[in-house]
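# Working through the structure, step by step
Listed below, chain by chain, are the residues.
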Amino acid sequence: QVQLVESGGGLVQAGGSLRLSCTASGNIFVVNAMRWYRQYPGKQRESVASITHGGETNYANSVKGRFTISRDNAKNAIYLQMNSLKPEDTAMYYCNADIYAGEPLRDSSYWGQGTQVTVSS
């Protein structure tokens, strides 16, 4: 059984910073690409940032220059450093990962439970 657990959300004033963490656990062989998504109430999830196993990153235009995604392969973890936060960053943030796991091994996409980020103006 593979689990993704996020942490680090909370309430912050505009201009402030937060750091989200996501750790994968379970019968894991390798964690491939990992991503952060966010979801506004009543809207579909949208991609925020992604990082490959080798460390290549990609960002949504709305967060470029403010958010930084990183990972620690030894810990099967990713992080999202969010600086210069804006009220429009308020959303539920989800971790997603492509993971080879299980017996027999299979490549599947997993999601965390989400962590709420609220930015006050």
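All figures in this text were calculated on a predicted structure; none of them were measured in a lab.

One open sheet accounts for four strands, arranged 1-3-8-7; its pairing is antiparallel. Each edge of the sheet is formed by a strand with only one pairing partner; in this case those strands are strand 1 (3-7) and strand 7 (67-72). Each adjacent strand pair in this sheet contributes to an overall mean axis angle of 15°, direction not counted. Two elements, strand 1 and strand 3 (residues 18-25), share five bridges in a ladder whose sense is antiparallel.

Our next topic: the packing of aromatic side chains. Under the defined criterion, the tally for this structure stands at one aromatic pair. Ring centres of Tyr37 and Trp111 lie 4.9 Å apart, and the angle between their planes is 55°; this geometry places the pair in the tilted category. One end of the pair, Tyr37, is in strand 4 (residues 28-39); the other, Trp111, is in strand 10 (residues 106-111), with 74 residues separating them in the sequence. In this structure Trp111 comes out as partly exposed when scored by relative accessible area, which is 38%. In this structure, Arg45 is placed above the aromatic ring of Trp111, and the distance from its NZ or CZ to the ring centre is 4.6 Å.

So, on to the pairing of strand 9 (residues 91-101). Counting buried positions along strand 9 gives nine out of 11 residues, so the element sits mostly inside the fold. Bridging between strand 4 and strand 9 involves nine bridges; their strand directions are antiparallel. The residue bridging Met34 from the neighbouring strand is Ala97, located in strand 9. In this sheet, strand 11 (residues 115-120) lies alongside strand 9 in antiparallel orientation, the contact comprising three bridges. Within strand 11, the position partnered with Tyr93 by the bridge is Thr115. Note: strand 9 against strand 10, six bridges, orientation antiparallel. Opposite Tyr100, over in strand 10, you have Asp107 as the bridge partner. What sits between the antiparallel neighbours strand 9 and strand 10 is a turn of four residues, in which Gly102 has the positive phi angle 90°.

Parameters at a glance
Residues numbered from 1 in each chain as written. Predicted model: local features only at pLDDT ≥ 70, side-chain atom pairs only at ≥ 80, totals over all residues. Heavy atoms only, no water. Pairing = 2+ DSSP bridges. Helix = DSSP H or I, 4+ residues; strand = E, 2+ residues; numbered from the N terminus. Axes fitted to C-alpha atoms, helices over the stretch in contact; angles between N-to-C directions. Phe/Tyr/Trp six-rings, centres within 6.5 Å; stacked < 30°, edge-to-face > 60°. Buried < 20%, exposed > 50% of the residue type's maximum accessible area, 1.4 Å probe, protein only. Lys NZ or Arg CZ within 6 Å of the ring centre and 35° of its normal.

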